[in-house]
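Below are the chains, spelled out letter by letter.
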Amino acid sequence: MNLGASNHDHNAHSSASGGGREDCWSDGATSTLIEAWGDRYLRLNRGNLRQKNWQEVADAVNSDRGGVKPKKTDVQCKNRMDTLKRKYKLERGKLPPSKWTFFNRIDALIGGDPSANKKLPGFTFTIKPKPKSLSQGVKSTENSFDDGDEDEVRKKQRVEDVGLSDGAACRELARAILKFGEIYERMESTKQQQMMELEKQRIEFTKALEFQRMNMLVDAQLEMEKLKRQNHFTCSGKKQKSENRS
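Residues numbered from 1 in each chain as written. Predicted model: local features only at pLDDT ≥ 70, side-chain atom pairs only at ≥ 80, totals over all residues. Heavy atoms only, no water.

A.B. asks: If you had to explain the overall build of the protein to someone new, which residues and values would you point to?
C.D. replies: When its secondary structure is counted, the protein shows 6 helices and 2 strands. Of the regular secondary structure in the protein, the N- to C-terminal order runs α-α-α-α-α-β-β-α. A buried classification covers 20% of the 246 residues belonging to the protein. Summarising the internal contacts of the protein: among those between residues at least 6 apart in sequence, 54% fall at separations of at least 24. Of the roughly 18,900 Å² that the protein leaves accessible, carbon and sulfur atoms contribute 56%. (Helix = DSSP H or I, 4+ residues; strand = E, 2+ residues; numbered from the N terminus. Buried < 20%, exposed > 50% of the residue type's maximum accessible area, 1.4 Å probe, protein only. Contact = heavy atoms within 4.5 Å. Areas by Shrake-Rupley, 256 points an atom, 1.4 Å probe, with all protein chains shown as cover.)

Have a look at this one:
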């Protein structure tokens, strides 16, 4: 008896925490859930149910099931309806007619609701012009669903954004490499011009130095010739004086 009470407390705690498996929902419980949710959904002018409304839905499901345990909580009912909405949108995208048991009932409730009846995630091809090239990217159309659907769409969008970011990064890297090559080529050209200019200056300096050296040699030879002539005249004069004395 105490063991049964313990199991009962454990089940109650699991239900209160929002646990439970989706496959525990029978067709009868699901049908009651759709009916209870749809009634309040329409009364709220197709607005979102609050926690109080979800608790009323859970009470309706549990009372219709004759008190069979474990009872469904408001969180479990909300999660089940989110699953049914996703299933409905997937079925709506297929070729009619749908063989799903609850398709017509949910379609009657949200089929004409603009806020609930939105296009499923799709792909469109867009061509973005670039300064030097054209690139083709795949972009997902923006979609939003109730609760869990919105997270799924955001995940897909992030994956596609990563793909586009990788392509853009590759293009930026290619442009950076080309620009670096152009800069390197200009630097090499400037370096060669500077080397040619330095070589030209060296040759001119060498010619000027050689010309100066030649001038110095010529001047030295002229001085030597001049000294020789002076010595010759001096010797001739002394010789003539000696002859005159004798």
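A.B. asks: Could you give me a rundown of the nonpolar core, with the residues and numbers involved?
C.D. replies: One recurring pattern in soluble globular proteins is that nonpolar side chains are buried together. Counting 22 residues, the largest nonpolar core has Leu33, Trp37, Val57, Cys77 and Ile106 as the members making the most contacts within it. Among the secondary structure elements, those contributing two or more residues to this core are helix 2 (27-43), helix 3 (51-64), helix 4 (74-92) and helix 5 (103-110). Residues contacting Cys77, with those up to four places away along its chain left out, are Trp25, Leu33, Trp54, Val57, Ala58, Val61 and Lys72. (Core = buried A, V, L, I, M, F, W, Y, C linked by side-chain atoms within 4.5 Å.)

A.B. asks: I'd like to hear about the pattern of salt bridges, residue by residue, with values.
C.D. replies: A pair can form between side chains of opposite charge whenever their charged atoms are brought close. Under the definition given, this model contains 9 salt bridges. The partner of Glu91 in a salt bridge is Lys94, with the nearest N and O atoms 3.2 Å apart. A relative accessible area of 11% means that Glu91 is categorised as buried. The partner of Asp107 in a salt bridge is Arg92, and the shortest N-O contact between them spans 3.1 Å. Taken together, the residues span a long stretch of sequence, with Asp107 in helix 5 and Arg92 in helix 4 at a distance of 15 residues. The exposure class assigned to Asp107 is partly exposed, which follows from its relative accessible area of 26%. With a relative accessible area of 38%, Arg92 lands in the partly exposed category. Connected through salt bridges with shared partners, the residues Lys87, Glu91 and Lys94 form a single ionic network. (Salt bridge = Lys/Arg side-chain N within 4 Å of Asp/Glu carboxyl O.)

A.B. asks: Lay out the packing of helix 2 against helix 3 in plain terms, naming residues and giving numbers.
C.D. replies: For the pair helix 2 and helix 3, interaxial distance at closest approach is 9 Å and the crossing angle is 145°. The two elements helix 2 and helix 3 meet at a crossing, and its hand is right-handed. Here helix 2 contributes Ala29, Thr32, Leu33, Ala36, Trp37 and Arg40 to the contact with helix 3, which in turn contributes Asn53, Trp54, Glu56, Val57, Ala60, Val61 and Asp64. Class assignment for the residues of the contact of helix 2 with helix 3 results in 8 nonpolar, 2 polar and 3 charged. (Axes fitted to C-alpha atoms, helices over the stretch in contact; angles between N-to-C directions. Left-handed = near helix turned anticlockwise from the far one by under 90°. Nonpolar A, V, L, I, M, F, W, Y, C, P; charged D, E, K, R; others polar.)

A.B. asks: Let's hear about unusual backbone geometry: which residues, and what values?
C.D. replies: With omega at -5°, the peptide bond leading from Pro96 into Pro97 counts as cis. For Pro97, the position within the fold is in the loop between helix 4 and helix 5. With a phi angle near 60°, Asn45 is a residue other than glycine that sits in the positive phi range. Along the chain, Asn45 turns up in the loop between helix 2 and helix 3. Classification of Asn45 as exposed rests on a relative accessible area of 68%. The residue Arg46 is not glycine, and still its phi comes out positive at about 60°.

A.B. asks: Please provide a residue-by-residue account of the packing of aromatic side chains, values included.
C.D. replies: Considering all chains together, one arrives at 3 aromatic pairs under this definition. When the ring of Trp37 is compared with that of Tyr41, the centres are 4.6 Å apart and the planes differ by 20°; the resulting orientation is stacked. Linking Trp37 with Tyr41, this pair stays in helix 2, spanning 4 residues, or about one helical turn. You can call Tyr41 buried: its relative accessible area is 5%. (Phe/Tyr/Trp six-rings, centres within 6.5 Å; stacked < 30°, edge-to-face > 60°.)

A.B. asks: Residues and numbers for helix 4, please.
C.D. replies: Between its first and last C-alpha, helix 4 extends 27 Å over 19 residues, near the 27 Å set by a 1.5 Å rise per residue. Those residues of helix 4 lying buried are Asp74, Gln76, Cys77, Arg80, Met81, Asp82, Leu84, Lys85, Tyr88, Lys89 and Glu91. (Expected span 1.5 Å × (residues − 1).)

A.B. asks: Describe helix 3, with residues and values.
C.D. replies: Taking 1.5 Å of rise per residue, the 14 residues of helix 3 would be expected to cover 20 Å, and the 20 Å separating its terminal C-alpha atoms lies within 8% of that figure. Burial in helix 3 covers these residues: Asn53, Trp54, Val57, Ala58, Val61 and Asn62. As for helix 3, its buried residues are in contact with helix 2 and helix 4.

A.B. asks: Can you break down the side chain of Thr30 residue by residue, with the values?
C.D. replies: Tracing the backbone through its elements, the reader meets Thr30 in helix 2. Of the residues examined, Thr30 reaches a relative accessible area of 0% and is grouped as buried. Polar side-chain contacts of Thr30 include one of 3.1 Å to the side chain of Arg80. In contact with Thr30, other than residues within four places in its own chain, are Trp25, Arg80, Leu84 and Phe102. (Polar contact = N/O pair within 3.5 Å; in protein donor to acceptor, adjacent residues only side chain to side chain.)

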